[in-house]
Number of protein chains: 2
Amino acid sequence: MNFKDQEVVIEEATPSSFEGMDIVLGAVENDLSKKFADDIVKAKAVFIDNSSAFRLDPNVPLVVPEINGEDILKHQGIIANPNCSTIIGCVAVHGIHEVNPIESMVVSTYQAVSGAGIGGMNEYFDQMKALVSNEPLYPQVFPYQIASNLIPQIGSFDENGYTSEEMKMQNEGRRILHTPDLNVTCTCVRVPVVRSHSLSMNILLKDEMSVEEIKKLVEKAKGCKLVDDPQNLQYPMPLDTSDQDLVYVGRIRKDLCQKKAVNLWCCGDQIRKGAAINAIQIAEKWIELNERN
Amino acid sequence: MNFKDQEVVIEEATPSSFEGMDIVLGAVENDLSKKFADDIVKAKAVFIDNSSAFRLDPNVPLVVPEINGEDILKHQGIIANPNCSTIIGCVAVHGIHEVNPIESMVVSTYQAVSGAGIGGMNEYFDQMKALVSNEPLYPQVFPYQIASNLIPQIGSFDENGYTSEEMKMQNEGRRILHTPDLNVTCTCVRVPVVRSHSLSMNILLKDEMSVEEIKKLVEKAKGCKLVDDPQNLQYPMPLDTSDQDLVYVGRIRKDLCQKKAVNLWCCGDQIRKGAAINAIQIAEKWIELNERN
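Computed from a predicted structure; not experimentally measured.

1. As for the relation of the copies chain B and chain A
Structural alignment of chain B on chain A gives an RMSD of 0.0 Å, achieved by rotating through 180 degrees and translating 0.0 Å along the axis. Such a turn and shift between the copies fits a two-fold axis. Both copies present the same face, since 100% of the interface residues in chain B are matched by interface residues at the equivalent positions in chain A.

2. Remarks on the domain arrangement of chain A
Residues and elements named next belong to chain A. Assigned domains within chain A: domain 1 (2-81 + 276-292) and domain 2 (85-271). A C-alpha centroid distance of 25 Å is found between domain 1 and domain 2. Counting from both sides, the interface comprises 17 residues of domain 1 and, opposite them, 15 residues of domain 2. Summed over both sides, the interface of domain 1 with domain 2 buries roughly 1300 Å², with 61% coming from carbon and sulfur. Of all residues in domain 1, L62, E66 and I67 bury the most surface against domain 2, accounting for 40% of the area lost on that side. Between R55 and E172 there is a salt bridge, with its nearest N and O atoms 3.1 Å apart. One can count 6 residue pairs in polar contact (both at pLDDT 80 or more) joining domain 1 with domain 2. Elements that contribute at least two residues to the side of domain 1 that touches domain 2 include exactly α2 (65-68) and α8 (272-292). Here the side of domain 1 that touches domain 2 is composed, by residue class, of 10 nonpolar, 3 polar and 4 charged.

3. Concerning the sheet that holds strand β7 (residues 183-187) of chain A
Residue and element names in this part refer to chain A. Spatially, the 6 strands line up as an open sheet ordered β7-β6-β8-β11-β10-β9, and their pairing is mixed. Where the open sheet ends on each side, the last strands, each with one partner, are β7 and β9 (224-226). Averaged over neighbouring strand pairs, the angle between their axes works out to 25 degrees when direction is ignored. Direction of pairing for strand β8 (residues 197-205) relative to strand β11 (residues 261-268): antiparallel, over a ladder of 8 bridges. Within β11, the position partnered with H197 by the bridge is G268. Lying on the sheet, helix α3 (residues 84-99) is in contact with β6 (102-110), β8, β9, β10 (247-254) and β11; it crosses β8 at an angle near 40 degrees.

4. Quick look at unusual backbone geometry
Glycine aside, a negative phi is what most residues show, and trans is what most peptide bonds show. All names here are of chain A. The residue N134 is not glycine, and still its phi comes out positive at about 55 degrees. A relative accessible area of 75% places N134 in the exposed class. At R251, a residue that is not glycine, the phi angle is positive and equals roughly 50 degrees. Counting through the fold element by element, R251 comes out in strand β10. You can call R251 buried: its relative accessible area is 2%.

5. A few points about empty space enclosed by the protein
Evaluated as defined, the whole model comprises 1 cavity of 30 Å³ or more. Taken as a whole, the largest cavity holds about 90 Å³ of empty space. Around the largest cavity sit 16 residues that line it, and A:V106, A:S108, B:V106, B:S108 and B:S200 are the ones nearest its centre. Those elements that place two or more of their residues in the lining of the largest cavity are β6 and β8 of chain A together with β6 (102-110) and β8 (197-205) of chain B.

6. Points about the interface of chain B and chain A
In this assembly, 60 residues from chain B lie in contact with 61 residues from chain A. Here chain B meets chain A over a buried area of about 5000 Å², counting both sides, of which 62% is carbon and sulfur. Contact with chain A buries area across many residues of chain B, yet B:Y110, B:L150 and B:L256 alone supply 13% of it, more than any other trio. Seen at the junction of chain B and chain A, the total is 4 salt bridges.

7. A look at helix α3 (residues 84-99) of chain B
Residue and element names in this part refer to chain B. Taking 1.5 Å of rise per residue, the 16 residues of α3 would be expected to cover 22 Å, and the 24 Å separating its terminal C-alpha atoms lies within 8% of that figure. At V93, α3 shows its largest bend, some 50 degrees. Across the 16 residues that make up α3, a large majority, 14, are buried.

Rules used throughout
- Residues numbered from 1 in each chain as written.
- Chains lettered and ligands numbered in written order.
- Predicted model: local features only at pLDDT ≥ 70, side-chain atom pairs only at ≥ 80, totals over all residues.
- Heavy atoms only, no water.
- Least-squares fit on C-alpha atoms with pLDDT ≥ 70 in both.
- Contact = heavy atoms within 4.5 Å.
- Domains from an automatic or database assignment.
- Buried area = accessible area lost by both parts, 1.4 Å probe.
- Salt bridge = Lys/Arg side-chain N within 4 Å of Asp/Glu carboxyl O.
- Polar contact = N/O pair within 3.5 Å; in protein donor to acceptor, adjacent residues only side chain to side chain.
- Helix = DSSP H or I, 4+ residues; strand = E, 2+ residues; numbered from the N terminus.
- Nonpolar A, V, L, I, M, F, W, Y, C, P; charged D, E, K, R; others polar.
- Pairing = 2+ DSSP bridges.
- Axes fitted to C-alpha atoms, helices over the stretch in contact; angles between N-to-C directions.
- Buried < 20%, exposed > 50% of the residue type's maximum accessible area, 1.4 Å probe, protein only.
- 1 Å grid on protein atoms, 1.4 Å probe; cavity = no way out; pocket = protein on both sides within 12 Å on 5 of 7 lines; lining within 4 Å.
- Points joined across faces, edges and corners; volume = space filled by probe spheres on them.
- Expected span 1.5 Å × (residues − 1).
- Bend = angle between axes of the 7 residues up to and from the residue.

Written out as structure tokens, the structure reads:
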């Protein structure tokens, strides 16, 4: 296959494919990740896995490098790459959390079609074309029409009424932010946007804090860009964060119900920081930590 | 002008236009509502006003008929029609609130382009056409591209960092739900959807209540339709509520942070129930109350 003017050989993975490798980046479904994990570990490579197969395994670090990069040191062969919207939400708030711990969060997401892969993106484009030319459309990737519509379901439903995607924000967020008792109540919604997930976050802090102080913490937090000048119509939008590595954070303001809570709005490219870039950053951090030790 | 095969005469409104009328339905900007309000009251017509000019005036009832229709009896010539997303949110929760008072709400909205009028809808269609044919687009009605994007601003910004639209949910909600100390912290977002606003609502109740009990209250609440069977992929979507008068409510589940709170998701057509239909229903209720007295 040609990639950036170079010929690259693509091979089918087999149990013996991993001999001599230092790093294996996994971008496959859970069953394939599970199938090959032992082979990768036996070959003494480190397996940076983008599936959700190992994310809640206590022996597997779940890492966003700018937040809990040192957790990589505890790996036993596998390092898990977190869920896309969880990465974006955690990057947005980690600078605040380090100084003023978050006690709970109410989150509503606005998730792009690219979260469902290239098939989701193609379906969305086809539906837009059908809409502007008044032709019928036939949803296949998404359960319903997504162009000019919203679908309040991402993943499958648990018995508690939450989707698998909604529970990830709490369960993975706890591990990334090192806060095992963090409660997050989340509503995940698919929206007709191509790239970049957006989150409306209401965070309850341990102590009351001014908006100015919070803005300063966001501004100096790694991986974040503060975009918060509403009078000049500056706030994060998914179009601006597409094909960017930073999570944009803005609309920071006091909650009107609880003194210790604040609202914020953030956007991040879920293909880049929400998936591929974070995996690369884990690999880079692993190399850096290996060189240091 | 021809309307439904009938010729209808359109005249410019003047101070003397309202003589002999029983009901005047206003669908104009605040300045025009204020300009003619006295003339309408002097002519002894009742002025049902869709602008926001009088919504917070303590002498003007702010009415959603299925919630506080009896407030009409207190009118002194003017009755105000509430903000669109506030109507939809209040209809979704009023059945619960009557039995188990709501103490506070965290709301994130997903608001359709039709909230900005026919100009907003045309701009959205034009932008979709430009996107599918790879042509440049020039936002005019909205401050930024809205097709395949999200804009976290509706209305102008107050000093507290909230938009005028976000403050309406609290300030108008208090009057409609007869709860002067209700706190609502809201984030309003414009989304690329043609008709129907959607709301992700987190409501803190006075007492803990099971999901089943809440579903029953929503099911029998006037103006609501319970659409909540996630296992069979049944939940409210803006496409289904477009051109409907009912507010669809679903995804009802316990909050994971607070025992007394629940999450829900609702959609309603903001042109119909969120504006025009609610004005007509106020007129019908006014006639009914007049006939009764």
